[in-house]
Number of protein chains: 2
Amino acid sequence: MVPTLLASAYEISEKSALTRILLEAEALFAQRGFDGVSINEVALAAGVCKANVFHHFATKQELYERVLSQSCEAFARSLDALELKEQGLAARLRRLMDWHNAFLYQRPHGTRLILRELTGSPTVLESSPVFPLIQHNFDRVVALLSEVSDEMRPGISPAVVAKVVLSLNLFGFQTERLNEKLAVSGALAMRPELQRQLLDLLLHGMQAQQLPP
Amino acid sequence: MVPTLLASAYEISEKSALTRILLEAEALFAQRGFDGVSINEVALAAGVCKANVFHHFATKQELYERVLSQSCEAFARSLDALELKEQGLAARLRRLMDWHNAFLYQRPHGTRLILRELTGSPTVLESSPVFPLIQHNFDRVVALLSEVSDEMRPGISPAVVAKVVLSLNLFGFQTERLNEKLAVSGALAMRPELQRQLLDLLLHGMQAQQLPP
DNA sequence: ATGCCTACCAACCGATCGGTCAGTTAGATT
DNA sequence: AATCTAACTGACCGATCGGTTGGTAGGCAT
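Thresholds, definitions, all that
- Residues numbered from 1 in each chain as written.
- Chains lettered and ligands numbered in written order.
- Predicted model: local features only at pLDDT ≥ 70, side-chain atom pairs only at ≥ 80, totals over all residues.
- Contact = placed C-beta atoms within 7 Å.
- Helix = DSSP H or I, 4+ residues; strand = E, 2+ residues; numbered from the N terminus.
- Nonpolar A, V, L, I, M, F, W, Y, C, P; charged D, E, K, R; others polar.
- Axes fitted to C-alpha atoms, helices over the stretch in contact; angles between N-to-C directions.
- Parallel < 35°, antiparallel > 145°, perpendicular 65-115°, else oblique.
- pLDDT = per-residue confidence, 0-100.
- Least-squares fit on C-alpha atoms with pLDDT ≥ 70 in both.
- Buried ≥ 20, exposed ≤ 12 C-beta atoms within 10 Å, placed from the backbone.
- Arc of directions from axis to C-beta.
- UniProt positions renumbered as here; feature names shortened; annotations may be inferred.
- Core = buried A, V, L, I, M, F, W, Y, C linked by C-beta atoms within 7 Å.
- Domains from an automatic or database assignment.
- Expected span 1.5 Å × (residues − 1).
- Bend = angle between axes of the 7 residues up to and from the residue.

A word on the interface of chain A and chain B
Thought 1: Taken together, the 54 residues of chain A in the interface contact 54 residues of chain B.
Thought 2: For the side of chain A that touches chain B, the secondary structure elements donating two or more residues are helix H2 (17-36), helix H6 (89-106), helix H7 (108-119), helix H8 (130-146), helix H9 (158-174), helix H10 (176-186) and helix H11 (191-204) of chain A.
Thought 3: Ranked by residue count, the leading element in the side of chain A that touches chain B is H9 of chain A, at 11 residues.
Thought 4: Its residues placed into classes, the side of chain A that touches chain B shows 26 nonpolar, 17 polar and 11 charged.

Right, dumping it as structure tokens:
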């Protein structure tokens, strides 16, 4: 914990054991889930022994929740850096989708970790201090869209728009490995073009305009 | 396996051990995943002993894949029953979304099972006979939309529309438990109303029409 | 120098894991 | 009546699980 002369020199070149444990745990849990990863695996990947992991975290569950909350906090921090001042609906929507999409692929482990929790039935999320973080993050996205809700058609609520945007990005991320295979059959475009089509679809709808007579 | 006089009488009132194993395995795997469920749990839930499970399935993996493929086949069978003949884009889209959504909630275990596979990194899906089933199912949905692609604006591809529809439903299902909590903050509507808003959004877009001068 | 604290480890614990095996039962086949 | 086979079970196997214990090494305050 305390950086001595020697230790601080180490910290420049290589990370502390605790950091390594958290890093490797995030990657492993994201890939195979809570039950699919043993503490021994995490320890080995981090280059320490199993007992050392239990020195830093009382239980496996505690390690897991710590990793989980770190991912949520990263989302909040990235959202802080997103500025949408004085932009209209179309520009906001585009920047929001771009930012979110970029974030997902910058932190694939954390993203997959939370996605995993969403699928589990008695999820850890609901009954842990992590959940309010997610809720707050969602609120912030809704707020960004509410500021331009006057540009939306009546009957379209900012919350639904927020949910659609986040859903499409998350689900796109979740099924990205399948896209190339599905693309063969359904002619799905690659990501940048696909994002453009999605944005177009959300803004203007899919139906061809029938001109008023 | 073979129904005797006595056995067939039993089969009317209660299911065979094999059926019970598959049923309980589906529910348990859906809730907690492959690694989160032990064969002993499945056996206990099905009212047989552990060795009996291994009598019907050589390995745990084999049981899992069997349950998984059953879920995919159920999707295909349900899709068979969906008729959209002689309907326009709007009507088709509505019926497609309704059907898909209803299917998800009719078979929540199977749905969650596949959703779980999508999140895993080296997923069982990709390298198993299950994957072509999914691919084929997706193709069929795209085909249903392609028949009315002339009603779509230029630049909107049926494959993207299919992906959007399925994504929104699946992600809505996946995060349904969170909806009521998120609703408090973001004023998310309940399901039927939410579906209506989504449909409206997809058809006509979110942006208010600016009338041509 | 002494005592104290944090980081770290080898060895160990009981429980449970996936899977095996020998043996029983009962209906079908000959 | 004898044989075969599928369905089923209890007891067991080695490996691994999450977690504990006892102890070492070293920086630091007294």
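Once you've had a look at it, read on.
Let's talk about the packing of H7 of chain A against helix H7 (residues 108-119) of chain B
Thought 1: Their axes nearest at 10 Å, the elements H7 of chain A and H7 of chain B cross at an angle of 170°. In terms of axis orientation, H7 of chain A runs roughly antiparallel to H7 of chain B. Every residue of H7 of chain B that contacts H7 of chain A at Arg-112, Leu-115, Arg-116 and Thr-119 of chain A is listed here: Arg-112, Leu-115, Arg-116 and Thr-119 of chain B.
Thought 2: For the contact of H7 of chain A with H7 of chain B, the residue count by class is 2 nonpolar, 2 polar and 4 charged.

Remarks on the confidence of the model for chain A
All names here are of chain A.
Thought 1: Residues of chain A with pLDDT of at least 70 account for 84%, and the chain-wide mean is 84.
Thought 2: Averaged pLDDT values over the elements of chain A bottom out at 42 in helix H1 (residues 5-13) and peak at 97 in helix H3 (residues 39-46).
Thought 3: Across residues 1-12, where pLDDT falls below 50, the model places 3 contacts with residues more than four positions away in sequence or in other chains.

Quick word on the relation of the copies chain A and chain B
Thought 1: Superposing chain A onto chain B takes a rotation of 180° plus a shift of 0.0 Å along the axis, which leaves an RMSD of 0.0 Å. Expressed as an axis order, the relation between the two copies is that of a two-fold axis. Among all residues of chain A, the one whose C-alpha sits closest to the rotation axis is Gly-205 of chain A, at a distance of 1.8 Å.
Thought 2: Both copies share a contact surface, since 100% of the interface residues of chain A are interface residues in chain B too.

Examining the environment of Arg-66 of chain B
Residues and elements named next belong to chain B.
Thought 1: Within the secondary structure, Arg-66 is located in helix H5 (residues 60-80).
Thought 2: You can call Arg-66 partly exposed: it has 16 C-beta atoms within 10 Å.
Thought 3: Not counting residues up to four positions away in its chain, the partners in contact with Arg-66 are Leu-22 and Phe-57.

Looking at H3 of chain A
All names here are of chain A.
Thought 1: Three or more residues of H3 are buried, namely Val-42, Ala-43 and Ala-46. With its buried residues spanning 100° around the axis, H3 presents them on a single face.
Thought 2: The inward-facing, buried residues of H3 abut H2 and helix H4 (50-56).
Thought 3: Backbone geometry just downstream of H3 places Gly-47 in the positive-phi region, at approximately 75°.

Quick notes on the UniProt feature "domain: HTH tetR-type" (unreviewed entry) in chain A
Thought 1: The positions that UniProt labels "domain: HTH tetR-type" (unreviewed entry) are, in the present scheme, residues 15-75 of chain A.
Thought 2: Summarising residues 15-75 of chain A: 84% helix, 0% strand, and an end-to-end C-alpha distance of 23 Å.

With respect to the nonpolar core
Thought 1: With 95 residues, the main nonpolar core has Phe-29 of chain A together with Phe-29 of chain B as its most contacted residues.
Thought 2: Among the elements that take part in this core, H9 of chain A stands out by supplying 10 residues, more than any other.
Thought 3: Not counting the four nearest positions on each side in its chain, Phe-29 of chain A is found in contact with Phe-34, Val-37, Tyr-64, Val-67 and Leu-113 of chain A.

Details of the environment of Ser-146 of chain B
Residues and elements named next belong to chain B.
Thought 1: Along the polypeptide, Ser-146 turns up in helix H8 (residues 130-146).
Thought 2: Looking at Ser-146, the number of C-beta atoms within 10 Å reads 18, which means it is partly exposed.
Thought 3: Taking C-alpha positions, Ser-146 is 8.3 Å from Ser-157, a pair spaced 11 residues apart along the chain.

Considerations on the domain arrangement of chain A
Residues and elements named next belong to chain A.
Thought 1: The domain architecture assigned to chain A consists of domain 1 (16-57) and domain 2 (68-204).
Thought 2: For domain 1 and domain 2, the distance between their C-alpha centroids amounts to 29 Å.
Thought 3: In this complex, domain 1 contributes 6 residues to the contact, which on the side of domain 2 involves 6 residues.
Thought 4: In terms of residue class, the side of domain 1 that touches domain 2 is built from 4 nonpolar, 1 polar and 1 charged.

Observations regarding helix H2 (residues 17-36) of chain B
It helps to recall that an α-helix has 3.6 residues per turn; residues three or four apart then point in one direction.
Residues and elements named next belong to chain B.
Thought 1: Over its 20 residues, H2 runs only 22 Å from end to end, short of the ideal 28 Å by more than 12%, given 1.5 Å per residue.
Thought 2: The axis of H2 is deflected most strongly, by about 85°, at Ala-30.
Thought 3: Those residues of H2 lying buried are Ile-21, Leu-22, Glu-24, Ala-25, Glu-26, Ala-27, Leu-28, Phe-29, Ala-30, Gly-33 and Phe-34.

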